[in-house]
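These are the residues of each chain, in order.
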Amino acid sequence: MQKNKIEAKKVSVFYNDKKALNEITLSIPEKKVTSLIGPSGCGKSTFLRCINRMNDTIEGCSMTGRILIDNKDINEKSLDPVLLRARVGMVFQKPNPFPKSIFENVAYGPKIHGLTQSSDELNELVEESLKKAGLFSEIKDRIHEPGTSLSGGQQQRLCIARAISISPEIILMDEPCSALDPIATAKIEELIDELAHNFTIVIVTHSMQQAARVSKQTAFFHMGNLIEVGKTDSIFSNPSEKKTQDYITGKIG
Amino acid sequence: MGFWAFFIIFASSAFFLHWYATNKALRFNAGIKEGSKLPSLPQYYGLYTLLWFIIPILSTFLIWTIFKPFLVDYLVIQKIPANLLNSFGGNPSLILSTVKAISLQNIFPGTKQELIDLAKYMNELKYSTSSSFYIAILFLGLIGSSFTLKKISSRFRARQSVESVNIKLLIFCSTIAILTTIGIVFSLIFEAIRFFEQIPFFDFLFGLSWSPQTAIREDQVASSGAFGAIPIFSGTLLITVIAMSVSIPVGLLSAIYLSEYATNNLRAFLKPILEILAGVPTVVYGFFAAITVGPFLKGLADSFGFSIASESAIAAGGVMGIMIIPFISSLSDDVINSVPNSLRDGSLAMGATKSETIKKVILPAALPGIVGAILLAVSRAIGETMIVVMAAGIAANLTANPFDSVTTVTVQIVTLLVGDQEFDSPKTLAAFALGITLFFVTLVLNLYALKIVKKYREKYD
């Protein structure tokens, strides 16, 4: 019996009056990769952004229902979204390194959360995060050059290094490979496999092959509804819903 | 043929030529059953013909208007009778200027009849453009367009030709602004050179005393004249520093509020209101500084037991700072807004608070643009005149005390040039020397600001 890290219970999200998500109930297992698939505009990214309350930053966006992380409601008044986001890291669709050096990009989180006492410790943490993100060997000589000077794939791995530098429990990935070429994508997927040993990962993806390659559990969203969720193997080989079948075989999408 | 008759003929033949050429092109295309039709659309042939009708006429007209005065002068000089020339000591240019004065209705009693006749002749030349000229330029236009009408064939690409004419027109328009700037610089330079012929360059640039009262008579006292620009530039610097220390914090913080905290509706409401501040005439700010702020500061100082002048650098600088707030807030707001949202999300998703995000990510990313905005505001502050005239006085004190009265470069230029002036005394010419120095300073500032903005664009897009 595996432990569930995240439990979503009847989560609905509204943009002003428009309903974007309709009563999603979904459990996400700990230290596994769960992928959310579905056509554009189906609400999978919206759901992802509920988990670290990034939707709070969007004007006119509201949510009903409950999301529990380790059995605690993240929308409770006493819980500061800033602290939540330190526990739930996020990697975005487009690599978004800060206009700072590679080092400063990774040191950003540890610095604001006061994770290290000395500069030696900080250096070590940065190096370790870059190593975990599989980037260190490529850039170790130019760690003080701007993060924006890296290639797209390297930038995305820098963003992953930045996310893991504060040791979150969960990493959310919003189509992390959609702006990358196949080789860079393969490297990121390899990295996701690696990271799943230590982190709970939720990944939104457009590519069904990617979902099949990296995830243990897959959830299929359509028009704001969660149509089907299950083990990735069974979703792709033997979906129980007609809509899932249609999407996987390319009839809708 | 008067001007209006000419204009009507010009306009109607322009319309006709356009129509005719377009039609000719259409007929050409219709006549070809097989093989290559015209390479461009018919209306381009019409346009091209029209252009070659208008361009010769307009350019001749322009050249004519520029050189006509010289021609008129020449013709008048040719007409001068010999006896008149002798009575003016054989100097035709003297007669010419007298005739010019008379032609402007300044006839004194007892003016020689020959001179009046000459003036009449001059007016005739000036105000009547002969019909032969109009006919000649219309003919010129027709020659131009008839050449282009002949060119209509499958080998002539009219669109490319029209576009190249258009591009030349655009180039011409853009050079007008540049040429004007160059003209301004040269007019300043020539006057400034005349100033530096009388006052040594380094005395002007490094002199510590400014009192531009030159003696009119030899025996006059207390009018030795000192042209050291340091007190004026230090006054400008002092007022600019005061203005910037008001406007930078207030402007920047309101920009941060507007772009990061205000809701969209509030921002749409507040930003135009802030920008209204930029539309208030500077004279009105001057009133405000001289009548409200100055006396208020004086009263405040009195109640603390100090005594300050009601005309002070701080009153002028403070009000100028308020005037500049919208420059900084509006430009910085735009810059901060142009920082991509992905950076905000990236920082917030790391568990940074909003203020940490602003301080550590947004502002550093926007900094070059903000610096550009500040430098533009500085050149605005340096160039500002009215507030300082009204609130800071015109005494050229070399002081760093903000409660003293000081003066600025622009204020001195105004005081030097207001009223009756002789344009060869160093007092008047000093204005041009100050002007060109100021021009140079603001030019350097603007170039620097542009460079920073450019650097910003390269780095974060």
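Residues numbered from 1 in each chain as written. Chains lettered and ligands numbered in written order. Predicted model: local features only at pLDDT ≥ 70, side-chain atom pairs only at ≥ 80, totals over all residues. Heavy atoms only, no water.

All names here are of chain A. Across the five residues that make up strand 3 (residues 33–37), a large majority, five, are buried. As paired elements, strand 3 and strand 8 (residues 200–204) share four bridges and run parallel to each other. If you follow Leu36 over to strand 8, its bridge partner there is Val204. Across four bridges, the pairing between strand 3 and strand 9 (residues 217–222) is parallel. For Ile37, the partnering residue across the bridge sits in strand 9 and is Phe220. (Buried < 20%, exposed > 50% of the residue type's maximum accessible area, 1.4 Å probe, protein only. Helix = DSSP H or I, 4+ residues; strand = E, 2+ residues; numbered from the N terminus. Pairing = 2+ DSSP bridges.)

This part is about the packing of helix 4 (residues 119–132) of chain A against helix 6 (residues 152–164) of chain A. All names here are of chain A. Running from amino to carboxyl end, helix 4 crosses helix 6 at an angle of 130°, the nearest separation of the two axes being 8 Å. With respect to their mutual orientation, helix 4 and helix 6 come out oblique. Between helix 4 and helix 6 the crossing geometry is right-handed. Contacts between helix 4 and helix 6 involve Ser129, Leu130 and Lys132 from the first element and Leu158, Ala161 and Ile164 from the second. Taken together, the residues of the contact of helix 4 with helix 6 sort by class into four nonpolar, one polar and one charged. (Axes fitted to C-alpha atoms, helices over the stretch in contact; angles between N-to-C directions. Parallel < 35°, antiparallel > 145°, perpendicular 65-115°, else oblique. Left-handed = near helix turned anticlockwise from the far one by under 90°. Contact = heavy atoms within 4.5 Å. Nonpolar A, V, L, I, M, F, W, Y, C, P; charged D, E, K, R; others polar.)

Residue and element names in this part refer to chain B. Taken as a whole and assessed by the stated rule, the structure comprises 25 aromatic pairs over all chains. Where Phe10 meets Phe53, the ring centres are 5.6 Å apart and the plane angle is 20°; that geometry is what we call stacked. With a gap of 43 residues between them, Phe10 in helix 1 (residues 3–31) and Phe53 in helix 2 (residues 42–79) connect regions that are remote in the sequence. Judged by its relative accessible area of 1%, Phe53 is buried. Here the aromatic rings of Phe61 and Phe133 are separated by 6.3 Å at their centres, their planes lie at 40°, and the arrangement is tilted. (Phe/Tyr/Trp six-rings, centres within 6.5 Å; stacked < 30°, edge-to-face > 60°.)

Our next topic: helix 13 (residues 341–349) of chain B. In an α-helix, one turn spans 3.6 residues; hence positions three or four apart end up facing the same way. Of all nine residues that make up helix 13 of chain B, seven are buried, and the element is covered over most of its length. If you check which residues of helix 13 of chain B are buried, you get B:Leu343, B:Arg344, B:Asp345, B:Gly346, B:Ser347, B:Leu348 and B:Ala349.

Below, the discussion takes up empty space enclosed by the protein. Taking a probe equal in size to a water molecule and rolling it over the atoms shows the remaining empty space. Residue and element names in this part refer to chain B. On inspection of all chains with the given rule, the structure shows one cavity of 30 Å³ or more. Empty space within the largest cavity amounts to approximately 30 Å³. Looking at the lining of the largest cavity, the elements that each hand over two or more residues are helix 9 (230–261) and helix 14 (354–383). Per element, the largest residue contribution to the lining of the largest cavity is three residues, and it comes from helix 9. Counted by class, the lining of the largest cavity contains five nonpolar, three polar and one charged residues. (1 Å grid on protein atoms, 1.4 Å probe; cavity = no way out; pocket = protein on both sides within 12 Å on 5 of 7 lines; lining within 4 Å. Points joined across faces, edges and corners; volume = space filled by probe spheres on them.)

Let's shift gears to the nonpolar core. Among the nonpolar cores identified, the biggest contains 75 residues, and B:Phe195, B:Trp210, B:Ile239, B:Met320, B:Ile336, B:Ile387 and B:Leu434 are the most heavily contacted of them. The element that contributes the greatest number of residues to this core is helix 14 of chain B, accounting for 13 residues. The next biggest cluster of nonpolar side chains, apart from the first, holds 34 residues, and it includes A:Leu122, A:Phe136, A:Ala161 and A:Phe199. (Core = buried A, V, L, I, M, F, W, Y, C linked by side-chain atoms within 4.5 Å.)

Turning our attention to the sheet that holds strand 7 (residues 170–174) of chain A. All names here are of chain A. On the basis of which strands lie adjacent, the open sheet formed by six strands has the order 6-7-8-3-9-10 and mixed pairing. The sheet terminates laterally at strand 6 (88–91) and strand 10 (225–231), the two strands that pair on one side only. Here the average twist between neighbouring strands, direction ignored, is 15°. Where strand 6 lies against strand 7, four bridges are found, and the strand directions are parallel. Note on strand 7: the bridge partner recorded for Met90 is Leu172. Contacting strand 3, strand 6, strand 7, strand 8 and strand 9, helix 1 (residues 44–51) runs over the sheet at an angle of about 155° to strand 7.

Bringing the side chain of B:Ser379 into the picture now. All names here are of chain B. One can find Ser379 in helix 14. Judged by its relative accessible area of 11%, Ser379 is buried. Among the polar contacts listed, one links the side chain of Ser379 to the side chain of Asn446, at a separation of 3.1 Å. Sequence-distant contacts of Ser379, defined by excluding residues within four places in its chain, comprise Thr442, Leu445 and Asn446. (Polar contact = N/O pair within 3.5 Å; in protein donor to acceptor, adjacent residues only side chain to side chain.)

Moving on, we get to the domain arrangement of chain B. Partitioning chain B into structural domains gives domain 1 (3–156) and domain 2 (226–460). Between the C-alpha centres of domain 1 of chain B and domain 2 of chain B there is a distance of 50 Å. (Domains from an automatic or database assignment.)

Helix length check: helix 2 of chain B, at 38 residues, gives a terminal C-alpha distance of 54 Å against a target of 56 Å (1.5 Å per residue), a fit within 8%. The largest bend in helix 2 of chain B is about 45°, located at B:Phe67, with the proline B:Pro69 one to four residues further on. (Expected span 1.5 Å × (residues − 1). Bend = angle between axes of the 7 residues up to and from the residue.)

Considering every residue of chain A, the mean pLDDT works out to 91; 99% of them sit at 70 or more. Across chain A, element-level confidence peaks in strand 8 of chain A with a mean pLDDT of 95 and bottoms out in helix 10 (residues 242–248) of chain A with 89. (pLDDT = per-residue confidence, 0-100.)

Before going further, it helps to examine the interface of chain B and chain A. Facing 20 residues of chain B, the contacting portion of chain A comprises 25 residues. Carbon and sulfur atoms make up 65% of the area that chain B and chain A hide from each other, which totals about 1700 Å². Of all residues in chain B, B:Ala349, B:Met350 and B:Lys360 give up the largest surface area on contact with chain A, accounting jointly for 35% of the area buried on that side. Counting across the interface, chain B meets chain A through one salt bridge. As a salt-bridge pair, A:Arg49 and B:Asp345 come within 3.7 Å of each other at their nearest N and O atoms. (Buried area = accessible area lost by both parts, 1.4 Å probe. Salt bridge = Lys/Arg side-chain N within 4 Å of Asp/Glu carboxyl O.)

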